[in-house]
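# Reading the structure
These are the residues of each chain, in order.
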Amino acid sequence: MPSESKKPDWAPAGGGPEFATRVVAGVSQPASSHPRTAPPKPADLPALAGKIRAGDRGALARGITLIESRAQAHRNSAEHLLNDLMPFSGKAWRVGITGVPGAGKSTFIDALGMALCGAGRKVAVLTVDPSSPISHGSILGDKTRMESLARNPSAFIRPSPSRGEVGGVARRTRESITLCEAAGFDVVLVETVGVGQSEVLVREMVDCFLLLMIAGAGDELQGIKKGIIEMADLVAVNKADGDNRLRAEATRLEFERAMHYLSASEDAWHPPVLSCSSLSSGGVREVWNQVERFMAHGDRTGQFQERRRSQSLAWLSALLEQGLRDAFFSNRKLVALKRSLELDVAAGKVSAPFAAARLLDAAGLAAAAGKPG
Ligand SMILES: Nc1nc2c(ncn2[C@@H]2O[C@H](COP(=O)(O)OP(=O)(O)OP(=O)(O)O)[C@@H](O)[C@H]2O)c(=O)[nH]1
Ligand SMILES: [Mg+2]
């Protein structure tokens, strides 16, 4: 088992490090979850899927490593693995937690996760790690803040480095949720950085989206543009402890008022605004009670099923768009043609629609409406 104090050796530049080995300290980790372990061969996939279903967290970590790999050969294996496990997924509650850096998301997840594990639930935590290519995921070293949960045998924590491509990571996070569910985790918590794009993407893959606020950070700082507030199913003002208690309550009231003005239809959910202290765990249980209430409301109104259905369709569309883009831009001839047409369009020699139709035609995807003559 890796020692906590040992400097991790799993942070290769630009690579896809396997973090679970270190983060799930205290839980026996098989060698298969080591960062340098090669992803499984196609022939090993059925066995891997079986182990994941049996709840083998080393196998789960290995499956996620496969999913996060960018190599095309791994991509095919990952798709097979996902397909095998898909029928066994879908039963967990997927909860996204967002908020500005330092709002206390990880601390909150630690407290909530411990409470849930104490109540007999199995909790998986996926974090979209905002590490820049420069920091190489060092955020995990001292900022994970899930020390208790990391040692809990009912929990699995998996940070995923974004390496500057938030969209790609979020896409893999969605796939990782499937694996965690197949492994029997019944709550999947996804921590996301409070900076725009990742929130939208994570909101698209969870059943409940919790916005964690702090008092006095200023609306702007907290990304409280109307769009983000509207995405939240629940708001909690964290760090409501010590001297900060009153300020937190004032902030809570302020946001309660702001939320009140958001238009809502008859059977719509009215996002509650609570306060809590993740450090003392005060109020954390109440936040979860609201998650439960929200899930029950979604079940009753059919909104839960509808949200999952539309998320699956949106996922398909996103994958298709990405696939088309990748196929296009990995074709040198098409890229060269695009460059030359760009010059023509810029010089006013041909119209943009004409150039686009020509490119689609060259890609074998001629749009019915605009095939160039
Ligand atoms: N007083 C107080 N401090 C808290 C509370 N929750 C978190 N903190 C502190 O706030 C700091 C940031 O906490 P994190 O849990 O790392 O915050 P985060 O939102 O996950 O941060 P990033 O992952 O960097 O975006 C740490 O020093 C925590 O100890 C709380 O409820 N009360
Ligand atoms: Mg964090």
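Everything discussed here concerns the structure shown above.
These numbers were taken from a predicted model, which means no experiment stands behind them.

### Topic: the site of ligand 1
Every one of the 17 residues lining ligand 1 counts as a neighbour, but Lys105, Thr107, Lys239, Asp241 and Ser278 are closest to it. At 2.9 Å from an oxygen atom of ligand 1 is found a side-chain nitrogen or oxygen belonging to Ser106. Side-chain polar atom of Thr107 to an oxygen atom of ligand 1: 2.5 Å apart, as the coordinates give it. In isolation ligand 1 offers 650 Å² of accessible surface; the protein chains occlude 81% of this area.

### Examining the environment of Gly58
Among the secondary structure elements, Gly58 is positioned in helix α3 (residues 57-68). A sequence separation of 10 residues divides Gly58 from Leu48, and the C-alpha atoms of the two residues are 9.9 Å apart.

### Quick word on the packing of helix α14 (residues 332-346) against helix α15 (residues 352-362)
For any two helices packed against each other, the geometry comes down to the angle between their axes and how far apart the axes lie. Two elements in contact, α14 and α15, have axes whose closest approach is 10 Å; the angle formed by their N-to-C orientations is 170 degrees. When the axes of α14 and α15 are compared, the pair comes out roughly antiparallel. Residues Leu334, Leu337, Lys338, Leu341 and Val345 of α14 pack against Ala352, Ala355, Arg358, Leu359 and Ala362 of α15.

### Things to note about the environment of Met146
Along the chain, the position of Met146 falls in the loop between α6 (139-143) and α7 (147-150). Distance in space between the C-alpha atoms of Met146 and Ile109 is 7.2 Å, their sequence separation being 37 residues. For Met146, the residues in contact, after removing those within four places along its chain, are Ser106, Ile109, Asp110, Val125, Thr127, Ile157 and Glu191.

### Side note on the coordination of the magnesium ion (ligand 2)
Distances from the magnesium ion (ligand 2) to its protein donors, namely Ser106 (OG) and Glu191 (OE), fall within the range 2.1 to 2.2 Å. In this pair, Ser106 is assigned in helix α5 (residues 105-118) and Glu191 in strand β4 (residues 187-191), connecting sequence segments 85 residues apart. Given the relative accessible area of 10%, Ser106 is considered buried.

Rules used in this analysis
Residues numbered from 1 in each chain as written. Chains lettered and ligands numbered in written order. Predicted model: local features only at pLDDT ≥ 70, side-chain atom pairs only at ≥ 80, totals over all residues. Heavy atoms only, no water. Near = heavy atom within 4 Å. Polar contact = N/O pair within 3.5 Å; in protein donor to acceptor, adjacent residues only side chain to side chain. Areas by Shrake-Rupley, 256 points an atom, 1.4 Å probe, with all protein chains shown as cover. Helix = DSSP H or I, 4+ residues; strand = E, 2+ residues; numbered from the N terminus. Axes fitted to C-alpha atoms, helices over the stretch in contact; angles between N-to-C directions. Parallel < 35°, antiparallel > 145°, perpendicular 65-115°, else oblique. Contact = heavy atoms within 4.5 Å. Donors = N, O, S within 2.8 Å, 3.2 Å for Na, K, Ca; no water. Buried < 20%, exposed > 50% of the residue type's maximum accessible area, 1.4 Å probe, protein only.

The analysis is restricted to geometry; functional conclusions fall outside its scope.
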